[in-house]
Structure formats: C-alpha cells, structure tokens
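# Coordinates in review
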Amino acid sequence: MTHQFHPTTLREYDIRGIIGETLGEADAYAIGRGFGTRVARAGGSRVAVGYDGRLSSPVLEAALVRGLNESGVHVLRIGMGPTPMLYYAEAVLDVDGGIQITGSHNPANYNGFKMVLQHGPFFGADIQALGTMAAAGDWVDGSAGSETVDIMDRYVARLVENFDGTGWRIGWDAGNGAAGPIVEKLIQRLPGEHYTLFTNVDGNFPNHHPDPTEEKNLADLRALVAEKKLDFGLAFDGDGDRIGAVDGEGRIIWGDQLLAIFAEPVLAAEPGATIIADVKASQALFDRIAELGGKPLMWKTGHSLIKAKMKETGSPLAGEMSGHIFFKHQYYGFDDALYAAVRLIRAASEIGKSVTALRGAMPAMVNTPELRFQVDESRKFAVIDEVLARLAATGAKVDATDGARVTTADGWWLLRASNTQDVLVARAEARDQAGLDRLLAQIDEQLALSGLKRGAQAGH
C-alpha cells in the first residue's frame, strides 16, 4: 500500500492543507503509518495524540490513530486542547513522541499536523521523509490499541506551578480556539479580576480569526480593556501556541516587546544567559538583552529552528515576532502562549511596574508590520540569493542568518523567503518616518532589480 501527499502539504515545520482539497483522512492515516514506523524503528511503541477545535479535527484524529495502531504503536489520546497541551503530554507521559492535529492560525477550512519525536522537534527532512516513505509504502506492520488520557487539569496546574505574581485586572480573548477551556480553568487559579471573550470552542471562528499578530483581530480585546479599564489584555491563536497582548491603553505589545519584558526576570535568575529572537525582531530587543547583561542571539524564523538552537546554546528564553515564546527557564522549552500569559503576570509583578508602564518605557521605533507578498515558489530563494550577491558587492552591513537583514544609519530592513509559503517577507525599522521611507525604498529597489515589486499582502 502506498500514498501520495499533495505537493503543497509537507511544509518545513509541519504538515498543513485545505480539507477536502489537499488534505484528508487518507493523509492522516499515512502520517500515522509513517510516524509510527519512525517510532517503531527507533525502539519506541507509544505516542500521544491531541487535536484542536476545528470541525475536521476529530475525523483526522481517528484516521491518524488507525495509522499509528497499524504500525504497532499504542496511542494515548488526550482529546481536544491547545498544541502546548500536547507538547506537555509528550514531555511528562511515558511516550516516544506526540502529534497534534491543528490548522494553527489558518482559516477554518485548513487543518494540519505538528509533531514531536523523542522530546525534539520533528521538521524539515523528517517531514519530507514521511512523503518518501508513503510513496514507497515503506511502513512497518503491527497492531496496537489506544487509551484516553485526561491531562487538561494536570496541564493547568503545571501552568501555575511556581506562581509568584500579584493580582491584575486582565482581559482574555481565546478567539473560539482550542485555548478557551484552558483559559476558563486558568483564571480560577489566578489572583486578580478576569474578563473573557470567546472561550467557547467553535471551529467556524464566528467572532474573528484567531491570529493575534494581525491588528484587526485584537479589536474586541482592545474594546474590552477600554470598557472595563483593565490593566492589560491577552489573546491567543487557534491552537494556543502564539500570544498577542495589549496594554491598558490598548497599545499592542508585539512578540519582540514581550520578550524584552520576559528577559528582565529571566536574566535576574540566570545572569549572562543567551536569549534568542528571530531575524524579524527589533534592534531595541537585542540592545535591551545586552543592557540586562544577557547575550542576544539573532536566529532563523521558525518554531522548530528556534527550539533546536535553544537546545544547542542552553538558552532559557527565546521568541519570535509572530508571538511564539519559548521558556526553558522553569519550563520545558516549547512554545506555549498560555504559559507565556502566566509569565507576563509574574514578570510585571516581579519588576514592580504595570504592563502599561513597561510598554511605555520602550524606545519609540517607527517600523512596519511583517510585509508579506506573493512570489513564485521557484523564485523565492533565488531572489534572496540575488539580493545578497548585490549587497555583497556594495559593502553593505548584512546579516545573512535568514535572508538579508541590512543595517544602515537609518535603522535596518529585512527581506527573507518564507519556509512555509510562496511569499517573501519584508520588515523595516527606523527612528523616524523619513528614515523608514528610505529603508523601504531600498527594499523596493532590490525587488525591482530582481523583477519584482511589493504587491498585495499575502495571508499567513
């Protein structure tokens, strides 16, 4: 028996597709067979499986479990919950890996799979190998069963372990995603006053799309914070591994700004530690880490790549502009937006300033959001190579960790190829609008030299 995956579904960090078009039950079964074979060949026999609140998730879960079972792997089914709950299960249960069925922050008709093998990220070549194995029918045969494990209360208890924060007045927007039930349980265990939005799980996402990196999706949370005069607000993506936040004045606190807040107590506990952020992060963050006595490290975008770098450097804290925050300090090193929310409460309490004051003290930078525009898949990496070659010839100050990040007297600009979509990503940051305009002109010039221009914004 063999299986062919749709060419667009096997991504760099996970597997993702459109239900009924590029992804379905047969794919879920084949993923179970392939992943189960990897586990079995490494001497393992048990895998944890969870799923998010999408309408298609239960059907995919059943097919995935069947595939794992027919490869001789016993499944611990933890049921519906956020991706970090599956990561937690994989960390604390006696299992050899874990799979979460989730479409993350994609539209309602998408779904996908995030995987962990033997406590390490499963990405890149690992994911491509599942396709090769399926095409060849290179699967072991076996038979095993499954059991249901209720881990939600244990997970919530772990989120508040070591909690030493004071009470704040907080708004929480779960966006009808899988984090909702956890939020409801979590606020019962936290001091302060709590107001929630959209904590009922609904795979149609009737109120707004659960992607807190898009400003329009924070409108309801901002309104709640303003109406109730709250200290700050927290928002989550569809599977609870990315956090968004607004302060008491409704100002957005982006991923790199949250990291600047988290860095202070972490570096007080681990002086001189390495703190990692992706290439899209503000220079103000790297400067702040250095000011606090830490070692700032700029690294490639992508949760799997960041996790691998954390392991290599022993970093206690890392994060991305996209709201993935990774705590190894007092935690497991995976991206967990619910844990990050708890740590924000703790950080403000420990520093002794409100979240609004912490946000207000940050240097005022003028920057673009993440600019994403469509480019042919076959051209996206080639364009970056062309840009780097031209920049090298001019003697520009370039960091090529992940694309081209160019520092000038005005600030910096970035152009990189997305690993997961046929898009180029750009970002720029300066001290004033005139400087930002000059940086954007440099981006446009480089694109024009490669026969492109910044077009309509592409979605995630």
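Residues numbered from 1 in each chain as written. Predicted model: local features only at pLDDT ≥ 70, side-chain atom pairs only at ≥ 80, totals over all residues. Heavy atoms only, no water.

## Some points on the overall build of the protein chain
Secondary structure summary: the protein chain contains 14 helices and 22 strands in total. In terms of principal-axis extent, the alpha carbons of the protein chain reach across some 65 × 55 × 40 Å. Taken across its 460 residues, the protein chain has 58% of its residues classed as buried. Restricting to contacts in the protein chain with at least 6 residues of sequence separation, those with at least 24 account for 69%. Taking the average place of the 45 positive charges on the side chains of the protein chain and the average place of its 59 negative ones, the gap between the two points comes to 2 Å. (Helix = DSSP H or I, 4+ residues; strand = E, 2+ residues; numbered from the N terminus. Buried < 20%, exposed > 50% of the residue type's maximum accessible area, 1.4 Å probe, protein only. Contact = heavy atoms within 4.5 Å. Lys, Arg positive; Asp, Glu negative; His and termini not counted. Charge placed at Lys NZ, Arg CZ, Asp CG, Glu CD.)

## Observations concerning helix α8 (residues 255-269)
When the terminal C-alpha atoms of α8 are compared, their 21 Å separation across 15 residues agrees well with the 21 Å that a helix rising 1.5 Å per residue should span. The sharpest bend along α8 measures roughly 30 degrees and falls at Ala-263, with the proline Pro-265 sitting one to four residues further on. Counting buried residues along α8, twelve of its 15 residues qualify, which places the element largely inside the surrounding structure. Taken residue by residue, α8 has Gly-255, Asp-256, Gln-257, Leu-258, Leu-259, Ala-260, Ile-261, Phe-262, Ala-263, Pro-265, Val-266 and Leu-267 as its buried positions. (Expected span 1.5 Å × (residues − 1). Bend = angle between axes of the 7 residues up to and from the residue.)

## Here's the deal with the pattern of salt bridges
Going through the model one piece at a time under the given rule, you end up with 31 salt bridges. The partner of Asp-14 in a salt bridge is Arg-16, and the shortest N-O contact between them spans 2.7 Å. Take Asp-14 and Arg-16: they sit in the same class, and that class is buried. (Salt bridge = Lys/Arg side-chain N within 4 Å of Asp/Glu carboxyl O.)

## Quick look at the side chain of Thr-274
Assignment of secondary structure puts Thr-274 in strand β13 (residues 274-278). Beyond its immediate chain neighbours, meaning those up to four positions away, Thr-274 contacts Lys-295, Leu-297, Thr-313, Ser-315, Pro-316 and Leu-317.

## A closer look at the sheet that holds β13
Pairing in this open sheet of four strands is mixed, and the strands run β14-β13-β15-β16 from one edge to the other. Two strands in the sheet have a free side with no partner beyond their single neighbour: β14 (295-299) and β16 (325-327). On average, each strand axis in the sheet is tilted by 15 degrees relative to the strand beside it, whichever way the strands run. Relative to strand β15 (residues 317-319), β13 runs parallel, the two sharing three bridges. Residue Ala-277 lies in a different strand from β15, and its bridge partner there is Gly-319. Packing of helix α9 (residues 283-291) onto the sheet brings it into contact with β13 and β14, and relative to β14 it is tilted by some 150 degrees. Packing of helix α10 (residues 303-313) onto the sheet brings it into contact with β13, β14, β15 and β16, and relative to β13 it is tilted by some 165 degrees. (Pairing = 2+ DSSP bridges. Axes fitted to C-alpha atoms, helices over the stretch in contact; angles between N-to-C directions.)

## What about the nonpolar core?
With 70 residues, the main nonpolar core has Trp-172, Leu-234 and Phe-236 as its most contacted residues. Take this core: its biggest share by element is ten residues, from helix α11 (residues 337-351). Counting 31 residues, the second-largest nonpolar core is a separate cluster that includes Val-47, Phe-113, Met-115 and Phe-122. (Core = buried A, V, L, I, M, F, W, Y, C linked by side-chain atoms within 4.5 Å.)

## Thoughts on the packing of aromatic side chains
Considering all chains together, one arrives at twelve aromatic pairs under this definition. Ring geometry for Tyr-87 and Phe-334: centres 5.4 Å apart, planes at 55 degrees, overall tilted. With a gap of 247 residues between them, Tyr-87 in helix α3 (residues 83-92) and Phe-334 in the loop between β16 and α11 connect regions that are remote in the sequence. Just as Tyr-87 is buried, Phe-334 falls in that class too. Ring geometry for Tyr-88 and Tyr-332: centres 5.9 Å apart, planes at 70 degrees, overall edge-to-face. Separated by 244 residues along the polypeptide, Tyr-88 in helix α3 and Tyr-332 in the loop between β16 and α11 bring together distant segments of the chain. (Phe/Tyr/Trp six-rings, centres within 6.5 Å; stacked < 30°, edge-to-face > 60°.)

## What to know about the sheet that holds strand β9 (residues 192-197)
The five strands are arranged β9-β8-β10-β11-β12 in an open sheet whose pairing can be described as mixed. Looking at which strands have only one partner, the edges of the open sheet turn out to be β9 and β12 (252-253). Taken together, the four bridges between strand β8 (residues 168-173) and strand β10 (residues 232-236) define a ladder with parallel strand orientation. Residue pairing in the sheet places Gly-171 in a bridge with Gly-233 of β10.

## Overview of the environment of Tyr-195
Along the chain, the position of Tyr-195 falls in strand β9. We classify Tyr-195 as partly exposed; its relative accessible area is 24%. Residues in contact with Tyr-195, not counting those within four places in the same chain, are Arg-169, Ile-170, Gly-171, Trp-172, Leu-224, Lys-228 and Leu-230. Looking at Tyr-195, its side chain comes within polar contact range of the side chain of Glu-193, at 2.6 Å. (Polar contact = N/O pair within 3.5 Å; in protein donor to acceptor, adjacent residues only side chain to side chain.)

## What about the environment of Tyr-88?
On the accessibility criterion, Tyr-88 (4% relative accessible area) is buried. Each residue touching Tyr-88, except ones within four places of it in the same chain, is listed here: Ile-151, Arg-154, Tyr-155, Arg-158, Tyr-332 and Phe-334.

## Quick notes on the pairing of strand β2 (residues 46-51)
Buried residues dominate β2, accounting for five of its six residues. Relative to strand β3 (residues 74-80), β2 is paired through six bridges, and the arrangement is parallel. For Val-47, the partnering residue across the bridge sits in β3 and is Val-75. As a crossover connection, the stretch from β2 through helix α2 (residues 57-69) into β3 is right-handed. Summarising the sheet, β2 and strand β4 (residues 97-101) pair through four bridges and their orientation is parallel. Within β4, the position partnered with Gly-50 by the bridge is Gln-100. (Right-handed = clockwise from strand over helix to strand, strands pointing away.)

## Topic: the packing of helix α1 (residues 25-41) against α2
Helix packing for two helices is described by the angle between their axes and how far apart those axes are. Interhelical geometry of α1 versus α2 gives an angle of 35 degrees and a closest axis separation of 7 Å. Crossing geometry of α1 relative to α2 is assigned as right-handed. Between α1 and α2, the residues in contact are Glu-25, Ala-28, Tyr-29, Ile-31, Gly-32, Arg-33, Phe-35 and Gly-36 and Val-59, Leu-60, Ala-63, Leu-64, Arg-66, Gly-67 and Leu-68, respectively. Among the residues forming the contact of α1 with α2, the class breakdown is nine nonpolar, three polar and three charged. (Left-handed = near helix turned anticlockwise from the far one by under 90°. Nonpolar A, V, L, I, M, F, W, Y, C, P; charged D, E, K, R; others polar.)

Remember that the coordinates give geometry; whether it matters functionally is a separate question.
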